[in-house]
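What the coordinates show
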Amino acid sequence: MESFDNIYESALHRLNDYLETNKMRKTPERQEVLKTVCSMSGIFTINDLLDRMSHDAAFSVSRSTIFYTLTVFVEARILLKHVTFHTACYEFLNGTSPRVYLVCQQCGEMRRLERPELNRYLATVKARLFTVRQPMLYLYGECRKCVQAKKKKVKNK
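Residues numbered from 1 in each chain as written. Predicted model: local features only at pLDDT ≥ 70, side-chain atom pairs only at ≥ 80, totals over all residues. Heavy atoms only, no water.

**Remarks on the packing of helix α1 (residues 4-21) against helix α4 (residues 63-75)**
- Here α1 crosses α4 at 95°, and the two axes come no closer than 10 Å. Accordingly, the angle class assigned to the pair α1 and α4 is roughly perpendicular. Facing Leu15, Tyr18 and Leu19 of α1, the residues of α4 in contact are Val72, Phe73 and Glu75.
- Of the residues contributing to the contact of α1 with α4, the split by class is 5 nonpolar, no polar and 1 charged. (Axes fitted to C-alpha atoms, helices over the stretch in contact; angles between N-to-C directions. Helix = DSSP H or I, 4+ residues; strand = E, 2+ residues; numbered from the N terminus. Parallel < 35°, antiparallel > 145°, perpendicular 65-115°, else oblique. Contact = heavy atoms within 4.5 Å. Nonpolar A, V, L, I, M, F, W, Y, C, P; charged D, E, K, R; others polar.)

What follows is the structure in structure tokens.
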């Protein structure tokens, strides 16, 4: 597992390259958001990021700044943006390895599924007239909590 410093330095390098290429400013707010994003594990929402920043960040960053900054991070290929039924979720992008996700159609919970056989298959997918850069697969269904809540509701009726 890579250390936080290595992850942050790699992401900061990608961000600086993107900002220079697009003639955008390097701001302390972007760096603070990047530090927080790099420290988060797994999939997170804007609210998760705001909560973390309110506790850990060196200074306050507005919600609108965070929205715009996350858009820049997605364009710079630092974050993946997942749009589910209920909200947008983000995930730190470290490499181009295949990814498989489980998405609950009831509550919108999303989590990554680690299955080597699926990852191997996704890594080999080729398409005519198309270059696959980030193989991803979304599996939609219902999480255990929602299935149990549905059973409880039926049982109580």
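Moving on from the model shown.
**Some points on the sheet that holds strand β3 (residues 88-92)**
- Taken in spatial order, the 3 strands line up as β1-β3-β2 in an open sheet, and their pairing is antiparallel. Each end of this open sheet is capped by a strand with a single partner; those strands are β1 (43-44) and β2 (79-83).
- Two elements, β2 and β3, share 5 bridges in a ladder whose sense is antiparallel. Its bridge partner lying in β3, Val83 is registered against Ala88.
- α4 rests against β2 and β3 of the sheet, and its axis sits at about 110° to β2. (Pairing = 2+ DSSP bridges.)

**Side note on α1**
- Under the 1.5 Å per step criterion, the end-to-end length of α1 is 26 Å for 18 residues, consistent within 8% with the ideal 26 Å.
- Three or more residues of α1 are buried, namely Ile7, Tyr8, Ala11, Leu12, Leu15, Asn16, Tyr18 and Leu19. Each buried residue of α1 lies within a common arc of 160° when the element is viewed along its axis, so the set occupies one face. Turned more than 90 degrees away from the buried face of α1, the exposed residues are His13 and Thr21. (Expected span 1.5 Å × (residues − 1). Buried < 20%, exposed > 50% of the residue type's maximum accessible area, 1.4 Å probe, protein only. Arc of directions from axis to C-beta.)

**Here we look at the packing of helix α3 (residues 46-56) against α4**
- At a minimum axis separation of 11 Å, α3 and α4 run at an interaxial angle of 120°. As the angle between them shows, α3 and α4 are arranged oblique. Along this stretch, α3 crosses α4, giving a crossing that reads as right-handed. Where α3 approaches α4, its residues Ile46, Asn47, Leu49, Leu50 and Met53 are matched on the opposing element by Arg63, Ile66, Phe67 and Leu70. (Left-handed = near helix turned anticlockwise from the far one by under 90°.)

Everything listed here is a matter of coordinates, which is why it stays silent on function.
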